[in-house]
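# Examination of the molecular architecture
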Amino acid sequence: MTAPFDFAPLLAPGTPAPAAKWNGFPKYNFIGGHNDAGNVPVQALIDAATAVLKREGATLATYGLNSGPLGYKPLREFLSAKLKDHAGIECASDEILITSGSMQGLDLINSLLVTKGDTVIIEQETYGGALTKLNKLGANVVGIPLDGEGLRLDVLKQKLEELKQKGIKPKYIYTIPTVQNPTGAIMGEARRAELLKIAAEYGVMIFEDECYSDLIWSGKRPRSLYAMAKGEGVIFIGSFSKSIAPALRVGYIVAKWEILGRILGLKQDAGSGALEQMVLAEFCTQHFADHVPKLNKTLAAKLQVLREALAEQFGTAAEFGDPEGGIYLWIKLPDNVDTTKLAQAALAAGVSLNPGQEWSTNKEYARSRLRLCFANPEPETIRKGVEVLADVCRREFGVPLRSSNVEKK
């Protein structure tokens, strides 16, 4: 009998723990960036795939689809027009690089700019994936608190001055100014202008993540930081994961060519998935402008279902806002609730949630906070899931004391 080969001694230093085998989604799934299944435009995507493959399928024989290493040119041309109309960004199609989701964009930009020991400024509550990647690189991560409009610029300037006195210049300021993850805040244009002014004063680049900016209920938003700076000192990333479908894995970077050319030199993957790009370009050119408002209407309604369910089941024990867009709700529970422990107990009852500490540089502040994604579950599933979560929270931490204004026996 052959003995199992022990490969553990071969593992590179810092290799993460093995992943658990996936056994399907929990019954009440409030994690991740999943979207509304009913709003995936399946038939239109089928039609787009059929049309573009009939017309251009032979170009799959070449890496890059005869469009070059930046990605499928019709998709980049769509994005160039869309970004101008939506975010005020004036960019040529050759200033856009298609990536395998925005997460590849994060990796590429970090590979270009960040090495172990470098300082990076981020929002105190932020995308957990960005935090994980920076921590893995060994970066010195400095979190800046948020308010209802996003990044607090008074604290940012104070921190930049402190770092300057120590001879430290951060590699970039990472911000999600339009539908912030996890808080849902939208930074106003006046604050954006002040942020750009501060960044220029200290000579620090801004890394603008706009992966959620299509999901604004009103459809109206401030100009992007990239647009306001005319692309100087700002790198921009976006994604189709939230507006069309996350499983497509298509994102993009917008930057001036002197930066984009260097990023392209790091993208050694022979190009992102070609078929996804072709289908998206065909679909978006015809349907994007009609699709997104319909999706937003559904998401806005689901948010209100979640808010009502939380109010009914948790009463005053849960504090939360009313975001103007997005797919997440950031929730504060009483101080005695540890949401990391709550997440473990809730999962055993079939409810998945994101504990706040995964999304914050301030672990104590985030200890009693959590993020719920409301996009994927149906309204009745949201209601029932919140009811189960409240029961678990009551059992584990003694709160909420009341449900539907009736004390639980």
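Report follows, based on the coordinates. (Residues numbered from 1 in each chain as written. Predicted model: local features only at pLDDT ≥ 70, side-chain atom pairs only at ≥ 80, totals over all residues. Heavy atoms only, no water.)

## A short note on the side chain of Gln124
Looking at where Gln124 falls in the secondary structure, it is placed in the loop between β3 (119–123) and α4 (128–137). By relative accessible area, Gln124 is classed as buried at 9%. If we ignore the near neighbours within four places in the chain, the residues touching Gln124 are Gly143, Ile144, Pro145, Trp359, Ser360, Thr361, Asn362 and Tyr365. (Helix = DSSP H or I, 4+ residues; strand = E, 2+ residues; numbered from the N terminus. Buried < 20%, exposed > 50% of the residue type's maximum accessible area, 1.4 Å probe, protein only. Contact = heavy atoms within 4.5 Å.)

## What to know about the packing of helix α10 (residues 339–348) against helix α12 (residues 379–397)
Closest axis-to-axis distance for the α10/α12 pair is 10 Å, and the angle between their directions is 120°. It follows that α10 is oblique to α12 by the angle criterion. Handedness of the α10/α12 crossing: right-handed. Only Leu389, Val392, Cys393, Glu396 and Phe397 of α12 make contact with α10, whose side of the interface consists of Lys341, Leu342, Ala345 and Ala346. (Axes fitted to C-alpha atoms, helices over the stretch in contact; angles between N-to-C directions. Parallel < 35°, antiparallel > 145°, perpendicular 65-115°, else oblique. Left-handed = near helix turned anticlockwise from the far one by under 90°.)

## Quick look at the sheet that holds strand β2 (residues 96–99)
One open sheet holds the seven strands; their spatial order is β2-β10-β9-β8-β7-β3-β4, and the pairing between them is mixed. Since the sheet does not close on itself, it has two edges, and those belong to β2 and β4 (140–144), each with one partner. Strand-to-strand, the axes of this sheet are offset by a mean angle of 20°, without reference to chain direction. Helix-sheet contacts for helix α3 (residues 101–113) involve β2, β7 (172–175), β8 (205–209), β9 (234–239) and β10 (251–254), and the interaxial angle to β9 is about 160°. Along the sheet face, helix α8 (residues 257–266) touches β2, β8, β9 and β10 and points at about 30° away from the line of β2. (Pairing = 2+ DSSP bridges.)

## So, the nonpolar core
Core analysis: the biggest nonpolar cluster contains 71 residues, and Tyr174, Ile253, Phe314, Leu333 and Leu342 have the highest contact counts within it. When neighbours within four sequence positions are excluded, Leu333 is seen to be in contact with Phe314, Ala317, Ala318, Thr339, Leu342, Ser368, Leu370 and Cys393. Within the second largest apolar cluster, 55 residues are counted, among which are Leu65, Tyr72, Met228 and Ile244. (Core = buried A, V, L, I, M, F, W, Y, C linked by side-chain atoms within 4.5 Å.)

## With respect to the side chain of Ser102
By secondary structure assignment, the location of Ser102 is in helix α3. By relative accessible area, which is 14% here, Ser102 ends up buried. Those residues in contact with Ser102, other than ones at most four positions away along the chain, are Cys211, Ile237, Gly238, Ser239 and Gly251.

## Remarks on the pattern of salt bridges
All chains considered together, the criterion is met by 24 salt bridges. Here Arg192 makes a salt bridge to Glu210, at a shortest N to O gap of 3.9 Å. Remark: Glu210 occurs in the loop between β8 and α7 (225–228) and Arg192 occurs in helix α6 (residues 189–202); sequence separation between them is 18 residues. Overall, the relative accessible area of 3% leaves Glu210 in the buried class. In this structure, Asp338 engages Arg367 in a salt bridge whose closest nitrogen and oxygen atoms are separated by 3.9 Å. Residue Asp338 is located in the loop between β12 (328–332) and α10, and its partner Arg367 is located in the loop between α11 (363–366) and β15 (369–373); the two are separated by 29 residues in the primary sequence. Given a relative accessible area of 24%, Arg367 falls into the partly exposed group. Among the charged side chains, a salt-bridge network with shared partners connects Arg55, Glu56 and Glu282. (Salt bridge = Lys/Arg side-chain N within 4 Å of Asp/Glu carboxyl O.)

## Some words on the pairing of β4
The pairing of β3 with β4 spans five bridges and is parallel. Within β4, the position partnered with Glu123 by the bridge is Ile144.

## Structural notes on the pairing of β8
Of all five residues in β8, four are buried, a share of seventy percent or more. As defined by bridge partners, β7 adjoins β8 across four bridges and the pair is classed as parallel. When the sheet's bridge partners are listed, Tyr172 is paired in β8 with Met205. What joins β7 to β8 is α6, and the crossover it makes is right-handed. (Right-handed = clockwise from strand over helix to strand, strands pointing away.)

## Quick notes on the sheet that holds strand β14 (residues 354–355)
The antiparallel open sheet is built from four strands, whose spatial order is β11-β12-β15-β14. The strands lining the two open edges of the sheet, one partner per strand, are β11 (319–320) and β14. The pairing of β11 with β12 spans two bridges and is classified as antiparallel. By the bridge assignment, Glu319 is partnered in β12 with Lys332.

## A word on α12
With 19 residues, α12 should cover 27 Å at 1.5 Å per step; its first-to-last C-alpha distance of 26 Å lies within 8% of that length. Looking at α12, one finds that the buried residues are Ile382, Gly385, Val386, Val388, Leu389, Ala390, Val392, Cys393, Arg394 and Phe397. Two residues or fewer past α12, Gly398 is found with a positive phi of approximately 80°. (Expected span 1.5 Å × (residues − 1).)

Distances and angles like these do not, on their own, reveal function.
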